[in-house]
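So you can see what is in the structure, the chains are spelled out below.
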Amino acid sequence: MTRMKNGMELEATLMRRGLPFDVGPATELGNDWLQVCQRISQSEDRLARWEVSGADQTLVREAKDAIAECVRKFGAGNEYQG
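Residues numbered from 1 in each chain as written. Predicted model: local features only at pLDDT ≥ 70, side-chain atom pairs only at ≥ 80, totals over all residues. Heavy atoms only, no water.

Participant: Before we go on, may I ask you to explain the pattern of salt bridges in this structure?
Facilitator: It is possible for side chains bearing opposite charge to pair when their charged atoms get close. For the structure on display, the rule yields five salt bridges. In this structure, the salt-bridge partner of Asp22 is Lys5, at a minimum N-O distance of 3.2 Å. With Asp22 in the loop between strand E1 (13-17) and strand E2 (34-40) and Lys5 in the segment before E1, this pair connects stretches of sequence that are 17 residues apart. Taking the relative accessible area as the measure of exposure, Asp22 reaches 48% and is therefore partly exposed. (Salt bridge = Lys/Arg side-chain N within 4 Å of Asp/Glu carboxyl O. Helix = DSSP H or I, 4+ residues; strand = E, 2+ residues; numbered from the N terminus. Buried < 20%, exposed > 50% of the residue type's maximum accessible area, 1.4 Å probe, protein only.)

Take a look at the structure:
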């Protein structure tokens, strides 16, 4: 997803597994959902940001490891957690 329901640009890419893009009070979350948000920094050159969240710590770790492996090929440094 790159836009909100009202059409407004997110300026990011939101990817979800096991979680609908429309989340409301009746949404039931399973034990295998994963969400990754990717965006470029708007204040720093050559910087990308990812946020990974999920139902299970193992799923989150696997997603973070896959991202790290991919960006390492492009000269990414160590992960920064702020």
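That was the structure; now back to the text.
Participant: Please clarify how the nonpolar core should be interpreted in this entry.
Facilitator: The tendency in soluble globular proteins is for nonpolar side chains to be buried as a group. Core analysis: the largest hydrophobic core is formed by seven residues, namely Leu34, Val36, Val52, Leu59, Val60, Ala63 and Ile67. The dominant element in this core, judged by the number of residues it contributes, is helix H1 (residues 57-72), at four residues. For Leu34, the contacting residues outside a window of four places in its chain are Met15, Arg16, Arg17, Val52, Ser53, Gly54, Leu59, Val60 and Ala63. (Core = buried A, V, L, I, M, F, W, Y, C linked by side-chain atoms within 4.5 Å. Contact = heavy atoms within 4.5 Å.)

Participant: What should I look at first to understand the environment of Arg17 in this one?
Facilitator: For Arg17, the position within the fold is in strand E1. Among the residues examined, Arg17 registers a relative accessible area of 42% and is labelled partly exposed. For the pair Arg17 and Asp32, spaced 15 residues apart in sequence, the C-alpha to C-alpha distance is 7.9 Å. Every residue in contact with Arg17, bar those within four places of it in the chain, is listed here: Asp32, Trp33, Leu34 and Leu59.

Participant: Got a minute to help me understand the side chain of Gln35 in this structure?
Facilitator: Positionally, Gln35 belongs in strand E2. Given a relative accessible area of 14%, Gln35 falls into the buried group. Within the structure, Gln35 has its side chain in polar contact with the side chain of Arg16 (distance 2.6 Å). (Polar contact = N/O pair within 3.5 Å; in protein donor to acceptor, adjacent residues only side chain to side chain.)

Participant: Explain the sheet that holds E2 to me, please; I cannot follow it from the model alone.
Facilitator: On the basis of which strands lie adjacent, the open sheet formed by three strands has the order E1-E2-E3 and antiparallel pairing. With partners counted over all chains shown, the strands left at the sheet margins are E1 and strand E3 (48-54), one partner each. Here the average twist between neighbouring strands, direction ignored, is 10 degrees. Running at roughly 160 degrees to E3, H1 makes contact with E1, E2 and E3 of the sheet. (Pairing = 2+ DSSP bridges. Axes fitted to C-alpha atoms, helices over the stretch in contact; angles between N-to-C directions.)

The values reported here are purely geometric and, on their own, carry no functional implication.
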